[in-house]
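As a plain string of letters, each chain reads:
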Amino acid sequence: SQTIHQWPATLVQPVGSPLSLECTVEGTSNPNLYWYRQAAGRGLQLLFYSIGIDQISSEVPQNLSASRPQDRQFILSSKKLLLSDSGFYLCAWSVTQLGLAGGNTGELFFGEGSRLTVL
Amino acid sequence: AQSVAQPEDQVNVAEGNPLTVKCTYSVSGNPYLFWYVQYPNRGLQFLLKYITGDNLVKGSYGFEAEFNKSQTSFHLKKPSALVSDSALYFCAVRVITYGGSQGNLIFGKGTKLSVKP
């Protein structure tokens, strides 16, 4: 079965410090990968998604960047954190190709999240 | 533009009573519809989905949802609420074009469900 791991679970960083959040998926190949941010425990904001190695799309201009050095590894980074980067970050994966016969209907599967507090 | 609306920020229900969490969508193309639940400081968990076929779909933890094409709604329901159902619920839609290509999942802003004993 497929699993998704995300770490660290919590992180407290000073303003101006770098950031690296890591996400890995097991049990599937060539997944679509996503980074979301959730502010104040409510709505989800899609930050980045990737359809393959080194293929990253950014949904919003920001202080963050994403990389996908391996098929099942997705990294969220920042060179200098801002106070506004605080939030709950969620990694997710989905199948690349939809196919009703194979039961691939495009739902996302989420990691447990990383709570970032920038002070 | 494609969108999902969850008109209620919060729903309060007494334990044992039925609950409904509302969701409406606006898309062009065929929608795949999903419900997720999020407990505090946790990731989102998949509850159920509507892809095609029977308009009433059943999912995890006794939840079900009814797809209504004419009203473009996909309300989440449960006949008898539990205190442990208290959480944040998200509706989401993925649009499938007639060419078969898929867009990204679009999420509603979430509805907080509070079930009191």
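This one's a predicted model, so the numbers in the text were calculated from it and none came from an experiment.

1. What to know about the overall build of chain A
Looking only at helices and strands, chain A features 0 helices and 11 strands. Counted from the first residue to the last, chain A has its helices and strands arranged as β-β-β-β-β-β-β-β-β-β-β. Its C-alpha atoms give chain A a radius of gyration of 14 Å, near enough to 14 Å, the size a compact globule of 119 residues would have. Taken along its principal axes, the extent of the C-alpha atoms in chain A is 50 × 30 × 25 Å. Of all 119 residues assigned to chain A, the portion counted as buried reaches 45%. Sequence-distant contacts in chain A: of pairs separated by 6 or more residues, those separated by 24 or more amount to 57%. Of the roughly 5600 Å² of accessible surface on chain A, a fraction of 54% belongs to carbon and sulfur atoms. Each charge sign in chain A was given a centre, from 7 positive and 8 negative side chains, and these centres are 9 Å apart.

2. Topic: the interface of chain A and chain B
Contacts between the two partners involve 26 residues from chain A and, on the opposite side, 24 residues from chain B. Interface area, chain A with chain B, both sides summed: about 1900 Å², of which 50% is carbon and sulfur. Across the contact surface, chain A and chain B share 2 salt bridges. With a shortest N-O distance of 2.4 Å, R42(B) and E112(A) are connected by a salt bridge. In this structure, the connection of chain A to chain B is made through 6 residue pairs in polar contact (both at pLDDT 80 or more).

3. Some details on the state of the cysteines
Taken as a whole and judged by the stated rule, the model has 2 disulfides over all chains. Bridging C23(A) to C91(A), the disulfide has an S-S length of 2.0 Å. Between C23(A) and C91(A), the disulfide has an S-S torsion of -80° and is therefore left-handed. Of this pair, C23(A) sits in strand β3 (residues 19–26) while C91(A) sits in strand β9 (residues 87–94), placing them 68 residues apart in sequence. Each member of the pair C23(A) and C91(A) is classed as buried. Between the sulfur atoms of C23(B) and its disulfide partner C91(B) the distance amounts to 1.9 Å. Judged by the torsion about the S-S bond (-65°), the C23(B)/C91(B) disulfide is left-handed. On the criterion of sequence distance, the pair formed by C23(B) in the loop between β3 (19–21) and β4 (24–26) and C91(B) in strand β10 (residues 87–96) is long-range, its members being 68 residues apart. Judged by its relative accessible area of 0%, C23(B) falls in the buried class.

4. Notes on the side chain of T28(A)
Residues and elements named next belong to chain A. Along the chain, the position of T28 falls in the loop between β3 and β4 (32–38). Since its relative accessible area comes to 17%, T28 is described here as buried. Filtering out sequence-adjacent residues up to four positions away, T28 remains in contact with Q2, R72 and W93.

5. Digging into the packing of aromatic side chains
The geometry of an aromatic ring pair comes down to the distance between the two centres and the angle between the two planes. Tallying each qualifying case throughout the model produces 15 aromatic pairs over all chains. Among the aromatic side chains, those forming a connected cluster through ring pairs are Y34(A), Y36(A), Y49(A), F110(A), F34(B), Y36(B), F46(B), F90(B) and F107(B).

6. Section: the sheet that holds strand β7 (residues 65–70) of chain A
Residue and element names in this part refer to chain A. Within the open sheet, the 4 strands sit side by side as β1-β3-β8-β7. Their pairing is antiparallel. Only two strands of the sheet have a single neighbouring strand rather than two, namely β1 (3–7) and β7. Taken over all neighbouring pairs, the strand axes of this sheet differ in orientation by 20° on average, direction set aside.

7. Notes on the nonpolar core
When a protein is soluble and globular, its nonpolar side chains tend to lie buried together. Residue and element names in this part refer to chain B. Counting 26 residues, the largest nonpolar core has W35, L47, L48, F74, L76 and Y89 as its most contacted members. Within the residue set of this core, elements represented by two or more residues are β2 (10–14), β3, β5 (30–38), β6 (44–50), β8 (64–68), β9 (73–78), β10 and β12 (111–116). Sort the elements by how many residues they give to this core and β10 lands first, with 4 residues. Residue contacts for F74: discarding those within four places in its chain leaves C23, L33, F34, W35, L48, K49, Y50, V57, A65, E66 and F67.

What counts and what doesn't
- Residues numbered from 1 in each chain as written.
- Chains lettered and ligands numbered in written order.
- Predicted model: local features only at pLDDT ≥ 70, side-chain atom pairs only at ≥ 80, totals over all residues.
- Heavy atoms only, no water.
- Helix = DSSP H or I, 4+ residues; strand = E, 2+ residues; numbered from the N terminus.
- Rg over C-alpha atoms; globule rule 2.2 N^0.38 Å.
- Buried < 20%, exposed > 50% of the residue type's maximum accessible area, 1.4 Å probe, protein only.
- Contact = heavy atoms within 4.5 Å.
- Areas by Shrake-Rupley, 256 points an atom, 1.4 Å probe, with all protein chains shown as cover.
- Lys, Arg positive; Asp, Glu negative; His and termini not counted.
- Charge placed at Lys NZ, Arg CZ, Asp CG, Glu CD.
- Buried area = accessible area lost by both parts, 1.4 Å probe.
- Salt bridge = Lys/Arg side-chain N within 4 Å of Asp/Glu carboxyl O.
- Polar contact = N/O pair within 3.5 Å; in protein donor to acceptor, adjacent residues only side chain to side chain.
- Disulfide = S-S within 2.5 Å.
- Phe/Tyr/Trp six-rings, centres within 6.5 Å; stacked < 30°, edge-to-face > 60°.
- Pairing = 2+ DSSP bridges.
- Axes fitted to C-alpha atoms, helices over the stretch in contact; angles between N-to-C directions.
- Core = buried A, V, L, I, M, F, W, Y, C linked by side-chain atoms within 4.5 Å.

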